[in-house]
Amino acid sequence: MKKSPFFDRKYLSSVAVGVLSFVLAATAVVYIGYHMSSSVKEGVDVFYATSGRIPLNVVCDGYILRDESVIDGVPSGVLTPTVADGEKVRSGNKVADIYSSSSAATQSKISLVEDQISFYEKCASSHISVGDTTLVDRSLADSVLAIRRAVEDGKVTAALSMKSDTVLDIRRLGVLSGRVTDYDAVITSLKSELATLKASMGNVSSSVFAPYSGYYFSVTDGYEDIFSVSDIDALTYSGFFEMVSAAENRAVTESLTQGKLVRDFRWYVACPMSTAEASSMTEGKSYSVTLENNADETLSMELCTVLSNASDAVAVFRCSRIPDSYDFTRCQKTTIEIESFTGFRIPAEAVRFHEGMQGVFIRDEVTVKFRRISVAYESGGYFYCNVVDDTDAELPTETDSESTEQDKPYYSYLRENDIVIRSGTGLYVGMTLDLK
């Protein structure tokens, strides 16, 4: 019987070889294509270039100068303020009670309860209603993270100092989310807790009264007589650094006092800086100033004078208000906004050099292009860039072809809403991106 061609071994072998060759070729194409694609797409991350207000800042140490006077006398027990720090009082007003016995923990609890009472009283008077909790959620998360980091770094005191802000954020969250509406009931409960805490402190052995009017602060730092403003108009460059030297040489130990009074609502921040930085500011003009321990509150301060020598200067700013719960730690990192401009904020990893020009790669539909940038300054891992409008210029067509030095292609500056490629490997001008 004659065999059918269907069972012909040579025929089957040739078909198998053909199929195998096709599969291997297809596999090779897929493999090469995969790696070429991954070299383009791996890690590609984009963002829209949007311009905004960018501040030009001077960052330096700031020394607080005030008209302060320590209240004479050493308490014979535990000093417990009856008014909030920074509260304005008249001559003869009671500012504190002195208890026969207490503890630091009890004092801390009393302070925290008083802050909460003050918060709910403000809520009741201003009729705060349910609202967006985004900012409070973010602040609470930041506070919890900061406390955790402080504890991990062994900074227990710093962690404890953040407790009040965290508790108040929790209270704000309750108000804004609508869980707390009966402020009177909460205030009554907190006042009862406050009375119980004060009752545990024993008897009031004496009280402290303001010897004159001013703003009362229960804590002194030992530098009140050094960083004085009594001769502020006659202060010189060398005189300021004599203050700093005297403070550095004074051995200040924690001591019990009856607090102090700030006798003038005007206070000053003296900021050592370079002459070049100081010359960029104008005496008599107001600037936005932020002290590190009060990062959430920017104050308007007037530059009242600049003290200088050949290469360095001290800019002295004056503020005419005492904000509630403001931290007046004597020396703090200070940020002064000199001016601002409209520009782009570009992550450093997106900035590249192409044909000797600094700029970024952008995605134009599915094609990679290059845009130049005009850098104003670099800070904190970002390039802050000016907006350059060259859209009306008659420009050559962008190309990646070989050219002479004279006819190199012109690359436009970064434009609003350009899609900037933050990161990616194997990128070049003219590349087609696979966006599948």
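See above for the structure.
In short, a report on the structure. (Residues numbered from 1 in each chain as written. Predicted model: local features only at pLDDT ≥ 70, side-chain atom pairs only at ≥ 80, totals over all residues. Heavy atoms only, no water.)

## Some points on the overall build of the protein
For the protein, the count of helices and strands is 8 helices and 20 strands. Per-residue burial over the protein gives 35% buried out of 436 residues. For the protein, the exposed area adds up to about 25,500 Å²; of that, 52% sits on carbon and sulfur atoms. (Helix = DSSP H or I, 4+ residues; strand = E, 2+ residues; numbered from the N terminus. Buried < 20%, exposed > 50% of the residue type's maximum accessible area, 1.4 Å probe, protein only. Areas by Shrake-Rupley, 256 points an atom, 1.4 Å probe, with all protein chains shown as cover.)

## Here's the deal with the pattern of salt bridges
Side chains carrying opposite charge are able to pair once their charged atoms draw close together. A full pass over the atoms with the stated rule returns 19 salt bridges. Note that Asp 61 is salt-bridged to Lys 333, the shortest N-O span being 3.4 Å. Of the two residues, Asp 61 sits in strand 2 (residues 52-65) while Lys 333 sits in strand 14 (residues 331-347), which places them 272 residues apart along the sequence. A relative accessible area of 33% places Asp 61 in the partly exposed class. A relative accessible area of 38% means that Lys 333 is categorised as partly exposed. The salt bridge involving Glu 68 is made with Arg 330; its shortest N-O contact spans 3.0 Å. Of this pair, Glu 68 sits in strand 3 (residues 68-70) while Arg 330 sits in the loop between strand 13 (312-319) and strand 14, and the two are 262 residues apart along the sequence. As far as burial versus exposure is concerned, Glu 68 and Arg 330 are alike and both buried. Each of Arg 66, Glu 68, Asp 221, Glu 224, Lys 260 and Arg 330 takes part in one network of salt bridges that share partners. (Salt bridge = Lys/Arg side-chain N within 4 Å of Asp/Glu carboxyl O.)

## A few points about helix 7 (residues 237-249)
Given a rise of 1.5 Å per residue, 13 residues ought to cover 18 Å, and the 19 Å separating the end C-alpha atoms of helix 7 matches this to within 8%. Those residues of helix 7 lying buried are Tyr 237, Gly 239, Phe 240, Met 243, Val 244 and Ala 247. (Expected span 1.5 Å × (residues − 1).)

## Considerations on the nonpolar core
One recurring pattern in soluble globular proteins is that nonpolar side chains are buried together. Membership of the largest hydrophobic core comes to 27 residues, with the highest contact counts inside it found for Trp 267, Met 273, Met 281, Met 301, Phe 317 and Ile 336. If you look at the next biggest cluster of nonpolar residues, it comprises 17 residues, including Tyr 237, Val 244, Tyr 268 and Val 316. (Core = buried A, V, L, I, M, F, W, Y, C linked by side-chain atoms within 4.5 Å.)

## With respect to the environment of Leu 197
You can see Leu 197 is positioned in helix 6 (residues 183-199). Taking the C-alpha atoms as reference, Leu 197 lies 9.6 Å from Val 113; in sequence the two are 84 residues apart.

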